[in-house]
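Survey of secondary and tertiary structure
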Amino acid sequence: MAALRAAGAALLRPRAGPAPAALGYHKKVVDHYENPRNVGSLDSKAKNVGTGLVGAPACGDVMKLQVEVDENGKIVDARFKTFGCGSAIASSSLATEWVKGKTVDEALKIKNTDIAKELCLPPVKLHCSMLAEDAIKAALADYKLKQDPNRESDKKADNA
């Protein structure tokens, strides 16, 4: 009986290590989730700001990523807002860190596999890094569209 009590007491003692909510996530994911970088919005009406809004219907994750580009084509700021799991938030946060300081063409080379590898995402969470790559591409496509007014009028004509 004493052994049983001792075993029960050991189970009730707080454990050292990660919080239960963090179990199963790599420490890099937990860090970006608990301390997200670049959360917020930029002025989506500004000509030098591109906005990408993407979602994954299967899991309900929605990601908005915005980039601000200077006159030399360098990304000087990036912001995100994400509704989703910890891996989606971490992927968004990391994506904004990675695009800052890059040219538009360099940022387009960021791949979901690089994001997934950096965050050590398990296969079941790879869609989060795919969303981040799609958000980067969508934001940069929006930025490029704003730089060429003829393209925008062509797009409006196509939709008419």
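Residues numbered from 1 in each chain as written. Predicted model: local features only at pLDDT ≥ 70, side-chain atom pairs only at ≥ 80, totals over all residues. Heavy atoms only, no water.

The name given to the protein chain in an unreviewed UniProt entry is Iron-sulfur cluster assembly enzyme ISCU, with the source organism recorded as Taeniopygia guttata. Reading the Sequence similarities (unreviewed entry) entry of the UniProt record for the protein chain gives the comment "Belongs to the NifU family." (UniProt positions renumbered as here; feature names shortened; annotations may be inferred.)

1. Considerations on helix α2 (residues 27–34)
Of the residues making up α2, those classed as buried are Val29, Val30 and His32. Each buried residue of α2 sits inside an arc of 165° when the element is viewed along its axis, so together they form one side. Pointing more than 90 degrees away from the buried face of α2 are the exposed residues Lys27 and Glu34. (Buried < 20%, exposed > 50% of the residue type's maximum accessible area, 1.4 Å probe, protein only. Helix = DSSP H or I, 4+ residues; strand = E, 2+ residues; numbered from the N terminus. Arc of directions from axis to C-beta.)

2. With respect to helix α6 (residues 126–147)
Helix length check: α6, at 22 residues, gives a terminal C-alpha distance of 32 Å against a target of 32 Å (1.5 Å per residue), a fit within 8%. Among all positions in α6, only Cys128, Ser129, Leu131, Ala132, Glu133, Ala135, Ile136, Ala139, Leu140, Tyr143, Leu145 and Lys146 are buried. (Expected span 1.5 Å × (residues − 1).)

3. So, the pairing of strand β1 (residues 49–56)
Here β1 runs beside strand β2 (residues 61–69); their pairing, made up of 8 bridges, is antiparallel. Along β2, the bridge assignment pairs Leu53 with Lys64. Between the antiparallel neighbours β1 and β2 lie 4 residues, among them Gly60 with a positive phi of about 90°. (Pairing = 2+ DSSP bridges.)

4. Let's talk about a nonpolar patch on the surface
Residues Leu53, Val62 and Phe83 make up a contiguous nonpolar surface patch of roughly 340 Å² in combined accessible area. Mapped onto the elements of the fold, Val62 is located in strand β2. (Patch = residues over 30% accessible without salt bridge, like charges linked within 9 Å, V, L, I, M, F, W, Y side chains within 5 Å. Areas by Shrake-Rupley, 256 points an atom, 1.4 Å probe, with all protein chains shown as cover. Salt bridge = Lys/Arg side-chain N within 4 Å of Asp/Glu carboxyl O.)

5. Things to note about the sheet that holds β1
Ordered in space as β1-β2-β3, the 3 strands form an open sheet in which the pairing is antiparallel. This sheet does not close on itself; its edge strands, each paired only once, are β1 and β3 (75–83). Between one strand and the next, the sheet's axes are offset by a mean angle of 15°, whatever the strand orientation. Across the sheet, helix α3 (residues 86–99) lies against β2 and β3, angled at about 175° from β3, the strand it touches most. Running over the sheet, α6 touches β1, β2 and β3 and is turned about 145° from β1. (Axes fitted to C-alpha atoms, helices over the stretch in contact; angles between N-to-C directions. Contact = heavy atoms within 4.5 Å.)

6. A word on the pattern of salt bridges
Summed over all chains, the structure comprises 8 salt bridges. Between Arg37 and Glu97 there is a salt bridge, and its shortest N-O distance comes to 3.4 Å. Of this pair, Arg37 sits in the loop between α2 and β1 while Glu97 sits in helix α3; the two residues are 60 residues apart in sequence, bridging distant segments of the chain. Among the charged side chains, a network of salt bridges with common partners joins Asp31, Arg37 and Glu97.

7. Observations concerning the pairing of β3
Looking at chain direction, β2 and β3 are connected through 8 bridges and run antiparallel. Residue pairing in the sheet places Met63 in a bridge with Thr82 of β3. Linking two consecutive strands that pair antiparallel, namely β2 and β3, is a turn of 5 residues; a positive phi of about 85° is found at Gly73 within it.

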